[in-house]
Amino acid sequence: MTATHPPSKITGGDVLLRIGRWLGDESGDRTRPVILAVVLVLAALGLIEVASASSVESVAAGKNPYDLPLKQAMWTAAGVALMLGLARLRTRHIRWLAWPLLGAAVVSLGLVFTPLGMTVNGNRNWLGFGGFTVQPSEFAKLALIIWAAAVLTRKQALLNEWRHAVVPLLVPAGVIIIGFVVLGHDLGTAMIIMMILAATMFYGGVRMMVFGVAGILGAMLALVLAATSGNRVGRISSWLGAGSADDSQGVGYQALHGQYALASGGWFGVGLGQSRQKWNWIPEAHNDFIFTILGEELGLAGTLLVLVLFTVLGIAVFKVIARTQDTFARIVSSSVITWLIGQAVVNIAMVTGLLPVIGVPLPFISYGGSAMVSSLAGIGVILAVTRPQPVQTRRLKKPQQAVHRSGVRS
């Protein structure tokens, strides 16, 4: 008789290691599976909180309470598939995509101002296609990073001259993309794109003088845009007033109740799904202010978990960047992680009252298909360009045999 052995149990760690090998990490490095694990945990936590935060408003509106969570799950699955697909590409393939992606981003941002465009909450930055909505500005972030990295890599020897950094990086590409976003009245996204441009210039080796002047001009532009909008001025005044009584029912309503949610969460929260502020106290709690619902339901422990996950993600990405020798790969990877971590910091600072409300989603957690897919695609690009690249060798032609004058080969 032959002994039969029970099938071995596959753990989650085994799955991550197998995915890491599938991604082609020939160096045996274990950092890349950590990046995958952290991103998947953040996305899963986002799906749970979106389901919790959106169900009440959906029921109140007479809609299916599972409608938004199912849509978010669909976009998350698509984003994960795109991330794994991009992670298999070589660095040269990502670089080839620079110009096509930039062109597609500019065209799609322009289409927002055609009949295909949609206005949501006062911002015209959406496209509608047969029941689906897409936010082109989210994908423009990644396209701008890849294109700017390709330009800066090609111009490395010329960056001592300021015009090679300003043209075409800031003019016309940066001006066109930021201009379209500003025309759509989305100052928050425009500021994030300014931050992305600054990151690519910094990591690309642009002279600090040019970097500093561009930063000052960007800050001045942001201040002018904020000062010329009554709604933005009201948000800033509300933020400076720290939720005064006369503002509690005005523009500071959402920010104030967000702080109530965080305060009522305590150490370990009121319980998953038990938030009180999501009962129409925080408008659209599943979007930009989802961190406050998470803090109320999971408490300080839950918010610290999110902060730790983003910290681990940043450390892991910079560890793999440190092993990368390719200039293009370093610029792309550093800029993408700066975008994601920077946007997370801005969102958390916004909902906790450290910054005025500017409408920036929390990566991987806030509701939004475009933001989720573009963020996951950014991680896929990082995994692609930091993967050990095969050494290309040229085939040497066999030396021709010498021919004597007599015509006989030696």
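Residues numbered from 1 in each chain as written. Predicted model: local features only at pLDDT ≥ 70, side-chain atom pairs only at ≥ 80, totals over all residues. Heavy atoms only, no water.

To continue, consider the packing of helix H2 (residues 31-60) against helix H13 (residues 290-322). Running from N to C, H2 and H13 point in directions that differ by 160°, and their axes come no closer than 9 Å. Considering their axes alone, H2 and H13 lie roughly antiparallel with respect to each other. For the pair H2 and H13, the sense of crossing is left-handed. (Axes fitted to C-alpha atoms, helices over the stretch in contact; angles between N-to-C directions. Helix = DSSP H or I, 4+ residues; strand = E, 2+ residues; numbered from the N terminus. Parallel < 35°, antiparallel > 145°, perpendicular 65-115°, else oblique. Left-handed = near helix turned anticlockwise from the far one by under 90°.)

Our next topic: the nonpolar core. With 93 residues, the main nonpolar core has Ile 35, Trp 147, Leu 313, Phe 364 and Ile 379 as its most contacted residues. Among the elements that make up this core, the one with the highest residue count is helix H14 (residues 327-351) (13 residues). If we ignore the near neighbours within four places in the chain, the residues touching Ile 35 are Leu 313, Ala 316, Val 317, Val 320, Ile 379 and Leu 383. (Core = buried A, V, L, I, M, F, W, Y, C linked by side-chain atoms within 4.5 Å. Buried < 20%, exposed > 50% of the residue type's maximum accessible area, 1.4 Å probe, protein only. Contact = heavy atoms within 4.5 Å.)

For Thr 292, the position within the fold is in helix H13. We classify Thr 292 as buried; its relative accessible area is 0%. Aside from chain neighbours lying at most four places away, what touches Thr 292 is Gly 258, Ala 261, Leu 262, Ile 282 and Val 351.

This part is about the environment of Gln 277. Inspection of the secondary structure puts Gln 277 in the loop between helix H12 (253-265) and H13. What makes Gln 277 buried here is its relative accessible area of 12%. Spatially, the C-alpha atoms of Gln 277 and Ala 261 are 6.0 Å apart, while their sequence positions differ by 16 residues. Once residues lying within four places of it in the same chain are set aside, the contact partners of Gln 277 are His 257, Tyr 260, Ala 261, Ile 282 and Glu 296.

Taken as a whole, this structure holds 4 aromatic pairs when the rule is applied. Seen from their ring centres, Trp 75 and Phe 132 are 6.2 Å apart, and the 90° between their planes marks the pair as edge-to-face. A residue pair is termed long-range when its members are at least 10 positions apart, and Trp 75 in helix H3 (residues 67-87) and Phe 132 in strand S3 (residues 132-134) qualify at 57 residues. Given the relative accessible area of 25%, Trp 75 is considered partly exposed. We classify Phe 132 as partly exposed; its relative accessible area is 43%. Arranged with centres 5.6 Å apart and planes meeting at 85°, the rings of Trp 99 and Trp 147 form a pair that is edge-to-face. Of this pair, Trp 99 sits in helix H5 (residues 98-111) while Trp 147 sits in helix H6 (residues 136-154), and the two are 48 residues apart along the sequence. The buried category is assigned to Trp 147, whose relative accessible area is 1%. (Phe/Tyr/Trp six-rings, centres within 6.5 Å; stacked < 30°, edge-to-face > 60°.)

What follows covers H12. Between its terminal C-alpha atoms H12 stretches 19 Å, which fits the 18 Å expected from 13 residues at 1.5 Å a residue. In this fold, the buried residues of H12 make contact with H13. (Expected span 1.5 Å × (residues − 1).)

For the rest of this paragraph, the subject is H3. Taking 1.5 Å as the rise per residue, H3 with 21 residues should run 30 Å; its terminal C-alpha atoms sit 30 Å apart, in good agreement. Elements in contact with the buried residues of H3: H2 and helix H15 (369-385).

A separate point is the pattern of salt bridges. According to the stated counting rule, one finds 3 salt bridges in the structure shown. With a shortest N-O distance of 3.1 Å, Lys 141 and Glu 138 are connected by a salt bridge. Separated by 3 residues within a single helix, Lys 141 and Glu 138 lie in helix H6, roughly one turn from each other. (Salt bridge = Lys/Arg side-chain N within 4 Å of Asp/Glu carboxyl O.)

So, about the pairing of strand S2 (residues 123-129). Sheet topology places strand S1 (residues 117-120) next to S2; 3 bridges connect them, and they run antiparallel. Note that in S2 the partner of Gly 117 across the bridge is Leu 127. Linkage of S1 to S2, two consecutive antiparallel strands, is achieved through a turn of 2 residues, within which Asn 121 is found at a positive phi near 55°. Across 3 bridges, S2 lies against S3 in antiparallel orientation. Along S3, the bridge assignment pairs Phe 129 with Phe 132. Linking S2 back to S3 in an antiparallel pair, the connection comprises 2 residues, with Gly 130 at a positive phi of about 50°. (Pairing = 2+ DSSP bridges.)

Confidence in the prediction of the protein chain, expressed as mean pLDDT, is 83, and 82% of residues score 70 or more. Confidence over residues 242-246 falls short of pLDDT 50; this stretch has 2 contacts with residues more than four positions distant or in other chains. Contacts of residues 393-410 to residues separated by more than four positions or lying in other chains number 8 contacts, the stretch itself having pLDDT below 50. (pLDDT = per-residue confidence, 0-100.)

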